[in-house]
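Here are the chains, one letter per residue:
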Amino acid sequence: QVQLVESGGGLVQTGGSLRLSCAVSGGTFSRYGMGWFRQAPGKEREFVAAFTWSGARTDYADSVKGRFTISRDNAKNTVYLQMNSLKPEDTAVYYCAAKTGTLLVYNHRALSEYAYWGQGTQVIVSS
């Protein structure tokens, strides 16, 4: 069974930075497609960042492009989300997600592609 545990959320002022971590256990992490999503109060969960199907590139939502960076350490079975220049509109619960079975091309922005999710970590950006 694949399990994901996020950490690193918290309260930060506008312009500040946070680094989220997602530790993954079970299976072969290096073969998983990984992504980050977020859900603000009263809103639907949305795509933030992910590795593309090939794993060779990264993709970001327009709202975070240039400020957030997704990375992974296969030796540590961990994926990260470095968040800089945070804004109040970044306030949300952040979730990491894993997709197994990545031999076929998939839409890395689609929530439905990911079978495994963490419990989420809260990020609050104060103005």
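Further up the page is the structure itself.
Residues numbered from 1 in each chain as written. Predicted model: local features only at pLDDT ≥ 70, side-chain atom pairs only at ≥ 80, totals over all residues. Heavy atoms only, no water.

**Q** Got a minute to help me understand the nonpolar core in this structure?
**A** Inside soluble globular proteins, nonpolar side chains tend to come together where they are buried. Judged by nonpolar contacts, the single largest core of 36 residues is most densely connected at Met34, Trp36, Val79, Leu81, Met83 and Tyr94. Elements that contribute at least two residues to this core include exactly strand 3 (18–25), strand 4 (33–39), strand 5 (46–51), strand 7 (68–73), strand 8 (78–83), strand 9 (92–99) and strand 11 (121–126). Not counting residues within four places of it along the chain, the set of residues in contact with Val79 comprises Leu20, Ser21, Cys22, Phe29, Met34, Trp36, Phe51, Ile70, Ser71, Arg72 and Cys96. (Core = buried A, V, L, I, M, F, W, Y, C linked by side-chain atoms within 4.5 Å. Buried < 20%, exposed > 50% of the residue type's maximum accessible area, 1.4 Å probe, protein only. Helix = DSSP H or I, 4+ residues; strand = E, 2+ residues; numbered from the N terminus. Contact = heavy atoms within 4.5 Å.)

**Q** Just checking my understanding: could you explain the pattern of salt bridges for this structure?
**A** Side chains that carry opposite charge are capable of pairing whenever their charged atoms lie near each other. Under the counting rule described, the total for this entry stands at 6 salt bridges. In this structure, Arg38 engages Glu46 in a salt bridge whose closest nitrogen and oxygen atoms are separated by 2.7 Å. Arg38 gets classed as buried once you look at its relative accessible area, which sits at 5%. The salt bridge partner of Arg67 is Asp90, with a shortest N-O separation of 2.7 Å. Linking Arg67 in the loop between strand 6 (58–60) and strand 7 with Asp90 in the loop between strand 8 and strand 9, this pair joins segments that are 23 residues apart in sequence. A single burial state applies to Arg67 and to Asp90, both of which are buried. Residues joined by salt bridges that share partners form a network here, namely Arg38, Glu46, Arg67 and Asp90. (Salt bridge = Lys/Arg side-chain N within 4 Å of Asp/Glu carboxyl O.)

**Q** Whenever I open this one, the side chain of Thr91 confuses me. Can you help?
**A** Note that Thr91 resides in the loop between strand 8 and strand 9. A distance of 2.9 Å separates a polar atom in the side chain of Thr91 from the backbone oxygen of Pro88. Leaving out residues up to four positions away in the same chain, Thr91 has contacts with Ala40, Gln122, Val123, Ile124 and Val125. (Polar contact = N/O pair within 3.5 Å; in protein donor to acceptor, adjacent residues only side chain to side chain.)

**Q** Would you mind going over the sheet that holds strand 3 with me for this structure?
**A** Neighbouring strands of a sheet are bound in pairs by backbone hydrogen bonds; such pairs are parallel or else antiparallel. The strand order across the open sheet formed by 4 strands is 1-3-8-7, and the pairing between neighbours is antiparallel. Across the chains shown, the open sheet's two edge strands, defined by having one partner strand only, are strand 1 (3–7) and strand 7. Between one strand axis and the next, the sheet turns by 15° as a mean value, whatever way the strands run. Note: strand 1 against strand 3, 5 bridges, orientation antiparallel. Counted as the bridge partner of Val5 is Ala23 from strand 3. (Pairing = 2+ DSSP bridges. Axes fitted to C-alpha atoms, helices over the stretch in contact; angles between N-to-C directions.)

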